[in-house]
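Spelled out from the first residue to the last, the chains are:
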Amino acid sequence: MTIKVNKSGLLTSIQDLGRYGSQKYGVIASGAMDTLSHRIANMLVGNSENEAAIEMTLIGAHFEFQSDSMISVCGGDLSPILNDRPAKMWKPLFVKKGSLLSFGGAKKGCRAYLAVAGGIEVPEVMGSKSTYLRAGIGGYEGRAIENGDILSVGKMSEQSIKLHEALHDSALYSEIEWSASPEFIPFLREDESVRVIKGRQFEDFSEESKSMIFSETFKITPNSDRMGYRMEGPQLTLEDKTEMISEAVSFGTIQVPADGNPIILLADRQTTGGYPKIAQVASVDLPYLAQFKPGEVVRFKEISLEEAQELLIDRERRLQLLKQGMLLKLN
């Protein structure tokens, strides 16, 4: 089973949930920016949640399916069109050989994920299929997807085969009657603030800076990528300027360099950092954050560590209910 890339889009790459276990050696984690959408896209086609899928940013790619396939599209709305008609998102779709799936510009959100039953078949590098573009490792030949690439699809799981049988018919494409709940769509929420907890060096900042991080807004600059969002806004300053020993950072760490403009570290972040950390984005809000585009404004809201943990546990509980509900539908 193969998929031909007719048009590659702005930035399209192969990602799983990341390359973990080697950060102590300086190896970047990488992985999907919006892990929630990535996981659900895989679940919908019967893959393991960590299976390699296709991540598209801002402007999507065009694909030609060279075999019958089962797919799902989750994440940002990049205007998916399947065989000249809008493609439904957040549900399994069966597409026949010769079907064309195209994506355009982002209507809502920033990143979309295309999962295929069986996963995208690429070699693992240090335990992961994720692409790390700066080092040229993982994914499809260590690089972004290009026009004319042929992507291989792996062997379907037992659950994928059941879904395939439920969807397969004589139509050019067909869709199942159910879909993932809108509650999982990262950018559909009433409170638009990004929830954070205080960082390790929070108390080292001036009183004005400690107030502004939660009361002012910050704009994502065009000089942002998978490594980090560079922000513009009120300058944040330390009470006393001191040299800091580099220490570990994680997805969502908010560092403040000497110019006072914060940087939010993302999937391709470095393994350690020497800038003071004013805050840490709560894990539950990382998928939401990943759907912000350059030029958009971010407002931070403080929550406690206990609240952040409870929110994440609740989301994981609801994800398990989604998975169990899918299994019940098939059995």
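Whatever comes next refers back to the structure up there.
Note that this is a predicted model, so its numbers are computed, not measured.

With respect to the pairing of strand S21 (residues 297-302)
By the bridge criterion, three bridges tie strand S13 (residues 194-198) to S21 in an arrangement that is parallel. Looking at the pairing, Arg195 lines up with Lys301 of S21. By the bridge criterion, three bridges tie strand S14 (residues 217-220) to S21 in an arrangement that is antiparallel. Paired with Thr217 across the bridge in S21 is Arg299.

Here's the deal with unusual backbone geometry
Although it is not a glycine, Asn83 adopts a positive phi angle of roughly 50°. Here Asn83 lies in the loop between strand S6 (81-82) and strand S7 (85-86). Residue classification places Asn83 among the buried positions, given a relative accessible area of 18%. One non-glycine residue with positive phi stands out, namely Met126, at about 50°. Along the polypeptide, Met126 turns up in the loop between strand S10 (108-116) and strand S11 (150-152). Taking relative accessible area as the criterion, Met126 reaches 43% and is therefore assigned partly exposed.

Looking at the pattern of salt bridges
A full pass over the atoms with the stated rule returns 22 salt bridges. The salt bridge involving Asp191 is made with Lys301; its shortest N-O contact spans 3.0 Å. On the criterion of sequence distance, the pair formed by Asp191 in the loop between strand S12 (173-175) and S13 and Lys301 in strand S21 is long-range, its members being 110 residues apart. Among the residues examined, Lys301 registers a relative accessible area of 38% and is labelled partly exposed. Residue Arg200 is joined to Glu247 by a salt bridge in which the shortest nitrogen-to-oxygen separation is 2.9 Å. Of the two residues, Arg200 sits in the loop between S13 and helix H3 (207-215) while Glu247 sits in strand S16 (residues 247-248), which places them 47 residues apart along the sequence. Overlapping salt bridges bring together Arg39, Glu49, Arg315, Glu316 and Lys323 as one network.

Re the nonpolar core
Ranked by size, the top nonpolar core spans 80 residues in total, and within it Ile40, Phe63 and Phe300 carry the most contacts. Among the nonpolar cores identified, the runner-up in size contains five residues, and Ile197, Ala282, Val284 and Ile303 belong to it.

Some words on the sheet that holds strand S9 (residues 100-102)
In spatial order, the strands read S7-S6-S9-S4-S1-S11; together these six strands make up an open sheet with antiparallel pairing. A strand with exactly one partner marks an edge of an open sheet, and here the two such strands are S7 and S11. Strand direction decides the pairing type here: strand S1 (residues 2-7) and strand S4 (residues 62-65), joined by four bridges, are antiparallel. Paired with Val5 across the bridge in S4 is Phe63.

Description of helix H1 (residues 35-44)
Most of H1 is tucked away, with nine of its ten residues classed as buried. Of all the positions in H1, only Leu36, Ser37, His38, Arg39, Ile40, Ala41, Asn42, Met43 and Leu44 are classed as buried. For H1, the N-terminal cap is Asp34; the gap from its side-chain oxygen to the backbone nitrogen of Leu36 is 3.2 Å. After H1 finishes, the residue Gly46 shows a positive phi value of roughly 85°.

Criteria and cut-off values
Residues numbered from 1 in each chain as written. Predicted model: local features only at pLDDT ≥ 70, side-chain atom pairs only at ≥ 80, totals over all residues. Heavy atoms only, no water. Pairing = 2+ DSSP bridges. Helix = DSSP H or I, 4+ residues; strand = E, 2+ residues; numbered from the N terminus. Buried < 20%, exposed > 50% of the residue type's maximum accessible area, 1.4 Å probe, protein only. Salt bridge = Lys/Arg side-chain N within 4 Å of Asp/Glu carboxyl O. Core = buried A, V, L, I, M, F, W, Y, C linked by side-chain atoms within 4.5 Å. Polar contact = N/O pair within 3.5 Å; in protein donor to acceptor, adjacent residues only side chain to side chain.

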